[in-house]
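Inside the fold
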There are 2 protein chains.
Amino acid sequence: MKVALAQINLLVGDIAGNAAKIIHTAIHARDQLAAEIVVFPELTVTGYPPEDLLLRADFINQTEKAVEKIVSEVSGIDVVLGCPERVQDKLFNSAVVLRDGKIIARYRKNKLPNYGVFDEHRYFDSGQEICIFTKSGSRLGLTICEDIWQTDVVGQYHDAGVDILLTLNASPFHSGKILERENIVRERVKASGIPLVYVNQIGGQDELVFDGASFVMDRRGEVVFRAEEFAEQTSIVEFVENQPIKGNCAPLYSEVSSDYQALVLGVRDYVNKNGFQGAVLGLSGGIDSALVLALAVDALGKDKVTAVLMPYRYTQQMSIDDAEAEAKALGVSYHIISIEPAVQAFEDMLANIFADTPKDATEENIQARCRGIVLMALSNKQGKILLTTGNKSEMSVGYATLYGDMAGGFAPIKDVPKLLVYKLANYRNSISPVIPERVIIRPPSAELAPDQIDEDSLPPYTILDPILEMYVEQDKSVEEIIAAGFPRKDVIRAISLVDRNEYKRRQSPPGIRITPRAFGRDRRYPITSGFKGCKID
Amino acid sequence: MKVALAQINLLVGDIAGNAAKIIHTAIHARDQLAAEIVVFPELTVTGYPPEDLLLRADFINQTEKAVEKIVSEVSGIDVVLGCPERVQDKLFNSAVVLRDGKIIARYRKNKLPNYGVFDEHRYFDSGQEICIFTKSGSRLGLTICEDIWQTDVVGQYHDAGVDILLTLNASPFHSGKILERENIVRERVKASGIPLVYVNQIGGQDELVFDGASFVMDRRGEVVFRAEEFAEQTSIVEFVENQPIKGNCAPLYSEVSSDYQALVLGVRDYVNKNGFQGAVLGLSGGIDSALVLALAVDALGKDKVTAVLMPYRYTQQMSIDDAEAEAKALGVSYHIISIEPAVQAFEDMLANIFADTPKDATEENIQARCRGIVLMALSNKQGKILLTTGNKSEMSVGYATLYGDMAGGFAPIKDVPKLLVYKLANYRNSISPVIPERVIIRPPSAELAPDQIDEDSLPPYTILDPILEMYVEQDKSVEEIIAAGFPRKDVIRAISLVDRNEYKRRQSPPGIRITPRAFGRDRRYPITSGFKGCKID
């Protein structure tokens, strides 16, 4: 029996488009790959996650029509796809099996994740039963994503004597997730002795990126087939006497390589799925914008990317030189626009009101915001999305200007801590040199005041980043972080900055999640809050 | 038996502060009001909603210490308060009864709301049992908020023969909610025949505002006591033979009056709880900014509010005159700063790049963004929050400039449709005249181009607003809206604008929810989406 794994890239909400892709893929699997069954990802028809579109009756109506259309247009192959299923006033996250004009089996997801980025209890009711169908004498069981992260659904299939499990997934990426996922599945497979087909979607969807890396595991827990990460791929695995035959196993890449690919795919899909003509970004000569430029070019091609250098009196010549070198290395066209006239205009306009006040962050913010206006003007005029270049360390402590360097439609490295920015820059340079060495080694600076460097205001990133990971991603307390060996004053400083900058993050553009906990719907903190992580009574 | 209803304003996350307020209120109720029991709102110790703070072990530790402190400091009165309750790896949304140094009863919320603005399945496990305790011979049952919106928990208390129900609530306001709430409770009371004490918190918390309006209902469903809306108040209701004695019933205000009070409280609490020195806003001479100015002054006092007029060549003299009249009527100090020099600077800086392109929205956005920079500069320099002045109709269709008029820390009328803006303006003028009549009757204009009015780009608000309500709040389909009598072209235009402007809303500041569905966490739509509400196949 030949089973096709359809690792495809869907567009959330584009029901007609997704249905057409399902039909095309199923017919290709049947005619070109001689598949008897084709398995698609979770909620194939809607894409994942469709969020509150699921609350709309018109949306659900469209999904029902789409499934009818697929049923009527595909025969000669079993199609296993995911779709919402409305039953009176309930909605289920379901998998259906289509065979020759009929729905022959339906499975309703039992385990609904409602943590992290997931809100499935908001939309769905839990299914209570397992679902087995027969093909060529084999008994096949269906599960959907979260079902496999817990033990009992697989246990029920074991008790029912199933031969092969088919799992439909929309399992989002974060660093190290691919191994974590295979390890969990291996536990289920070993405990049950049932070989398993795991199909994941790929593609970027707002803050999430799905890595694919679909696989087949034999009853001993060995991966006998693995699809590429971050690429569309429909592949065949043959089962003989319910055992999968060893096929091609795409290698697992290094973590930094997977992270880089995740970011490239996330940028490409956000820009293209939202219909932008390309991307524009500000190049400061610093490492963050250098990395984002490389990501944008790798995602979209150099002809679709425009860089803008916007020097001011505090910009060092070295920064301009390096920014130009970056644009030239990647073959990207760039503009140089001094922000002096605009900053001067605002300073003059505000001179009377600010006459008796000392300079402070206000004046620095004006510089950053003048750059924001220039970039947004280019974005508006050219239909290109503005990419912001802030990293996760900055987002955490609010070391960024709202409506200034935070302005933009998408923030590719928003979930990339500064130390990982360096790793990714070195990784990209290992493929071909695009970021000048000096950019990587010079001390980071916002260049909003004379001779300013980040460490004037923040602990060094080698100290800051691990503190932030413990506080933001692991929910560790101040005392626990200090006990892990970090200076109390740095811990207090970092954490109080995190606490008080929620308001900035709330207005930041979306960015790609690559850690186990990103800002956004993964970490939902109140802005108005009397909780002080650094108060310890 | 005298029961105190403690309708208090809490600060989310401020566990020590909330505990001190609970202790103070309980002692006041005991000593000044001779209460035997004092009932507090849901999750009193943390404030509501604490969101992902609940995932932090250090946060839960602090709540446990706070409850211990309250237990040890208050005696001589039964204290019924809400707190998270950790039991091994589970967390419950609980109510506890403290009596003379001990916790004598615990109730775990049975029904966890996970719709609209609520995410309680993300944090809590459901309690499975009811909880009855005895005081002065009466059997008292405990419920928490959502429990009372469904039938079965009250049914269990009825079967168990309870004399009085005490309900702890954090029930957020929207237009008409107070009557809706009393009607639901009346159904439960009539079905069970059990009199009920309903205590709600008051205060603003980010996008939510809680109205209070706590009440006591007798077994026939008559409201025999009602606390004020939108005010802190600790009141006594006496029960004789388990029947409440009729007390003072604060009147229910008109909807427009409640809406206005909700907005005032929302602004006041956001500004004060976040520690701002006051507020700054741009006054255009239009009705939206006029209303926000009045709200700000009513919330904070005139001395804490600064208005800024920022004319450009498209600003009519009438607009300047009216804006000045508004500031003077309310006694607010104001600045006039022409944005001409800044706009000119940007046009010069971009002249080469834009040389061969026609003028479009880009140039309008530059004007709006120059105003944003001026306002943010004043905000930064003076520690005053910038209030944005956009209404819900604009937010829906994206008729606003990101980083321009959308710049700011809080958006008071973000959930107020334009037609309600008029009603609120007239309501405010009925108290004292603060908004010139001409501002209310002239056609709305963004004044970003010569002789521009909103209706050049949008359907009239009398058509637009009901379409938006049906699409955004009621999830109606295009065909349903057309069938309700609206022109197809207006429906298609409005809905396609709503669909394509999710990205702007995602970067907008928080604002006060006063409709049954606000933007924000009440309506969670993907930005990247192929769903077109106006595509009907």
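These numbers come from a predicted model, not from an experiment. Starting from 1, residues in each chain are numbered consecutively following that chain's sequence as written. Each chain takes a letter, starting from A, and each ligand takes a number, starting from 1, following the order in which they are written. Where totals are concerned, whole chains, interfaces and linings use all residues; where local detail is concerned, this predicted model gives features only for residues with pLDDT of at least 70, and gives and counts side-chain atom pairs only at 80 or more. Excluding hydrogens and water, the side-chain values take into account all heavy atoms of the structure.

The residue after Y48 of chain A, namely P49 of chain A, is reached through a cis peptide bond having omega -5 degrees. The secondary structure listing takes helices from DSSP runs of H or I that are at least 4 residues long and strands from runs of E that are at least 2 residues long, numbered from the N terminus. Relative to the helices and strands, P49 of chain A is located in the loop between β2 (37–39) and α2 (57–73). Within the chain, D206 of chain A stands out as a residue other than glycine whose phi angle is a positive 55 degrees. Here D206 of chain A lies in the loop between β10 (202–205) and β11 (208–211). Phi at D100 of chain B takes a positive value of approximately 45 degrees, unusual for a residue other than glycine. Throughout, exposure labels follow a simple rule: accessible area from a 1.4 Å probe, protein chains only, divided by the maximum for the residue type, with under 20% read as buried, over 50% as exposed, and the rest as partly exposed. On the basis of relative accessibility, which here comes to 48%, the residue D100 of chain B falls in the partly exposed class.

Let us look at the pattern of salt bridges. The salt bridge criterion pairs a side-chain nitrogen of Lys or Arg with a carboxyl oxygen of Asp or Glu, the two atoms within 4 Å. Going through the model one piece at a time under the given rule, you end up with 83 salt bridges over all chains. R506 of chain A is paired through a salt bridge with E502 of chain A; the nearest N and O atoms lie 3.3 Å apart. Taken together, the positions of R506 of chain A and E502 of chain A, both in helix α16 (residues 502–506) and 4 residues apart, correspond to about one turn of that helix. R506 of chain A gets classed as partly exposed once you look at its relative accessible area, which sits at 21%. E447 of chain B is the salt-bridge partner of R442 of chain B, the closest N and O atoms lying 3.3 Å from each other. With respect to burial, R442 of chain B and E447 of chain B carry one shared label: buried. Sharing partners across several salt bridges, the network here consists of R56 and D58 of chain A together with D475 and R517 of chain B.

Take empty space enclosed by the protein next. Cavity and pocket criteria rest on a 1 Å grid covering protein atoms alone: a 1.4 Å probe that fits but cannot get out defines a cavity, protein on both sides within 12 Å along at least 5 of 7 lines defines an open pocket, and an atom within 4 Å of a point defines a lining residue. Grid points are joined across faces, edges and corners, and a volume is the space filled by probe spheres set on the points. Taken as a whole and judged by the stated rule, the model has 10 cavities of 30 Å³ or more. Estimated volume of the largest cavity: approximately 650 Å³. Along the walls of the largest cavity sit 30 residues, with R506 and R521 of chain A together with R506, G520 and R521 of chain B positioned nearest its centre. Basically, the charged four are Asp, Glu, Lys and Arg, the nonpolar ten are Ala, Val, Leu, Ile, Met, Phe, Trp, Tyr, Cys and Pro, and anything else, Gly included, counts as polar. Per-class residue counts for the lining of the largest cavity are 8 nonpolar, 4 polar and 18 charged. Volume-wise, the second largest cavity comes out at about 260 Å³. Around the second largest cavity, the lining is made up of 22 residues, and of these P49, E51, V117, L208 and R521 of chain B lie nearest the centre. Here the lining of the second largest cavity is composed, by residue class, of 12 nonpolar, 1 polar and 9 charged.

Residues and elements named next belong to chain A. Two strands qualify as a pair provided DSSP detects at least 2 bridges between them. Strand order in the open sheet formed by 6 strands is β6-β7-β8-β9-β12-β13, with mixed pairing between adjacent strands. Where the open sheet ends on each side, the last strands, each with one partner, are β6 (132–135) and β13 (223–226). Pairwise comparison of adjacent strand axes, ignoring direction, gives a mean angle of 20 degrees for this sheet. Pairing geometry for β6 and strand β7 (residues 138–144), over 4 bridges, is antiparallel. Within β7, the residue paired with K135 across the bridge is S138. Relative to strand β12 (residues 215–217), helix α4 (residues 177–192) is tilted by about 30 degrees, and along the sheet it contacts β9 (196–200), β12 and β13. Note on geometry: axes are C-alpha line fits, over the in-contact stretch for helices, and angles between N-to-C directions span 0 to 180 degrees. Any two residues having at least one pair of non-hydrogen atoms within 4.5 Å are treated as being in contact.

A word on the domain arrangement of chain A. Residue and element names in this part refer to chain A. Each domain's limits were defined by an automated method or a database of domain assignments. The assigned domain composition of chain A is domain 1 (2–252) and domain 2 (258–506). The centre of domain 1, based on its C-alpha atoms, is set 38 Å off from the matching centre of domain 2. On the side of domain 2, 11 residues touch domain 1, which itself brings 14 residues to the contact. Put simply, buried area is the surface a 1.4 Å probe can reach on two separate parts but cannot reach once they are joined, added for both. Summing the contributions of domain 1 and of domain 2, the shared interface buries around 980 Å²; its carbon and sulfur component is 52%. The largest share of the area that domain 1 buries against domain 2 comes from G204, D206 and F230, three residues that together contribute 39% of it.

It is worth spelling out the relation of the copies chain A and chain B at this point. Residues below a pLDDT of 70 in either copy are left out; the C-alpha atoms of the rest, at least 70 in both, set the least-squares superposition of the copies. In the superposition of chain A on chain B (RMSD 0.0 Å, axial shift 0.0 Å), the rotation amounts to 180 degrees. Such values leave the two copies arranged in the relation of a two-fold axis. Taking the C-alpha atom as reference, chain A places Q507 of chain A closest to the rotation axis, 2.1 Å from it. In this assembly, 100% of the residues forming the interface of chain A have copies in chain B that are likewise at the interface, indicating an isologous arrangement.

Quick look at the sheet that holds strand β7 (residues 138–144) of chain B now. Residue and element names in this part refer to chain B. The 6 strands are arranged β6-β7-β8-β9-β12-β13 in an open sheet whose pairing can be described as mixed. The outermost strands of the open sheet, each flanked by one partner alone, are β6 (132–135) and β13 (223–226). Sheet twist, expressed as the average angle between the axes of neighbouring strands with direction ignored, equals 20 degrees. Strands in contact with helix α4 (residues 152–160) are β6, β7 and β8 (164–169); relative to β7, the strand with the most contacts, it is inclined by about 170 degrees. Packed on one face of the sheet, helix α5 (residues 177–192) meets β9 (196–200), β12 (215–217) and β13 and runs near 30 degrees to β12.

Attention shifts here to the interface of chain A and chain B. Taken together, the 84 residues of chain A in the interface contact 84 residues of chain B. When chain A packs against chain B, close to 7,300 Å² is buried across both sides, 58% of that on carbon and sulfur atoms. Counting the contacts that link chain A with chain B gives 8 salt bridges. Whenever two N or O atoms come within 3.5 Å, that pair is a polar contact, provided that in protein one can donate a hydrogen and the other can accept it, and provided that, for residues adjacent in sequence, both atoms are side-chain atoms. Our enumeration of links across chain A and chain B arrives at 42 residue pairs in polar contact (both at pLDDT 80 or more). For the side of chain A that touches chain B, the elements supplying multiple residues, two or more each, are α2, α5 (255–273), α8 (340–350) and α9 (361–382) of chain A. Looking at which element gives the most residues to the side of chain A that touches chain B, the answer is α9 of chain A, with 14 residues.

Side chains of β6 of chain A alternate between two faces, with F133 and K135 of chain A buried and I132 and T134 of chain A left unburied. Counting the residues that bridge the hairpin from β6 of chain A to β7 of chain A gives 2 residues, and of these S136 of chain A lies at a positive phi of roughly 50 degrees.

For the rest of this paragraph, the subject is helix α3 (residues 152–160) of chain A. Residues and elements named next belong to chain A. Taken together, the buried positions of α3 are V153, V154 and Y157. One side of α3 carries all its buried residues, which in axial view fall inside an arc of 100 degrees. Contacts from the buried residues of α3 go to β5 (102–108), β6, β7, β8 (164–169) and α4. Of the residues flanking the end of α3, it is G161, one or two places downstream, whose phi is positive at about 75 degrees. Along the arc lie the directions from the helix axis toward the C-beta atoms.

Before going further, it helps to spend a moment on the confidence of the model for chain A. Close inspection of predicted coordinates is inappropriate for parts of the model with low pLDDT. Scored by pLDDT, chain A has a mean of 97; 99% of the residues are at 70 or more. The complex prediction reports pTM at 0.97, with the ipTM value standing at 0.96. Scored from 0 to 100, pLDDT records how confident the predictor is in each individual residue.

So, on to the nonpolar core. We call a set of buried residues a nonpolar core when its members are Ala, Val, Leu, Ile, Met, Phe, Trp, Tyr or Cys and they connect through side-chain atoms within 4.5 Å of each other. With 182 residues, the main nonpolar core has V79, L81 and F346 of chain A together with V79, L81 and F346 of chain B as its most contacted residues. Beyond its immediate sequence surroundings of up to four residues, L81 of chain B is in contact with I22, F40, T44, V45, I70, S94, A95, V96, L98 and L168 of chain B. By size, the runner-up hydrophobic cluster in this structure holds 53 residues, among which are Y270, V421, Y427 and V434 of chain A.

All names here are of chain B. Looking at where P41 falls in the secondary structure, it is placed in the loop between β2 (37–39) and α2 (57–73). Exposure remark for P41: the relative accessible area of 0% places this residue in the buried category. In this structure, the C-alpha to C-alpha distance between P41 and A407, residues 366 residues apart in sequence, is 35 Å. With near-sequence residues (within four places) excluded, P41 lies in contact with A6, I8, G82, L168, N169, V199, N200 and Q201.

Moving on: the packing of aromatic side chains. Residues and elements named next belong to chain A. Geometry of aromatic contacts follows a simple scheme: Phe, Tyr and Trp rings, the Trp one being its six-membered ring, pair when their centres are within 6.5 Å, and the pair is stacked under 30 degrees between planes, edge-to-face over 60, tilted otherwise. Taken as a whole and assessed by the stated rule, the structure comprises 20 aromatic pairs over all chains. On the basis of an interplanar angle of 15 degrees and a centroid distance of 4.1 Å, the ring pair of Y270 and F410 is categorised as stacked. A residue pair is termed long-range when its members are at least 10 positions apart, and Y270 in helix α5 and F410 in the loop between α10 (392–397) and α11 (418–431) qualify at 140 residues. For the pair Y270 and F410, one class covers both residues: buried.

All right, on to the packing of helix α1 (residues 15–31) of chain B against α2 of chain B then. All names here are of chain B. The N-to-C vectors of α1 and α2 enclose an angle of 20 degrees; their axes lie 10 Å apart at closest approach. It follows from the interaxial angle that α1 and α2 lie roughly parallel. Along this stretch, α1 crosses α2, giving a crossing that reads as right-handed. Each of I15, A19, I22, I23 and I27 in α1 lies in contact with α2, whose residues at this interface are F59, Q62, T63, A66, K69, I70 and E73. Grouping the constituent residues of the contact of α1 with α2 by class yields 8 nonpolar, 2 polar and 2 charged. Roughly parallel refers to an angle under 35 degrees, roughly antiparallel to one over 145, roughly perpendicular to one between 65 and 115, and oblique to any angle outside these ranges. Note on convention: near helix rotated counterclockwise from far helix by under a right angle means a left-handed crossing. Clockwise means right-handed.

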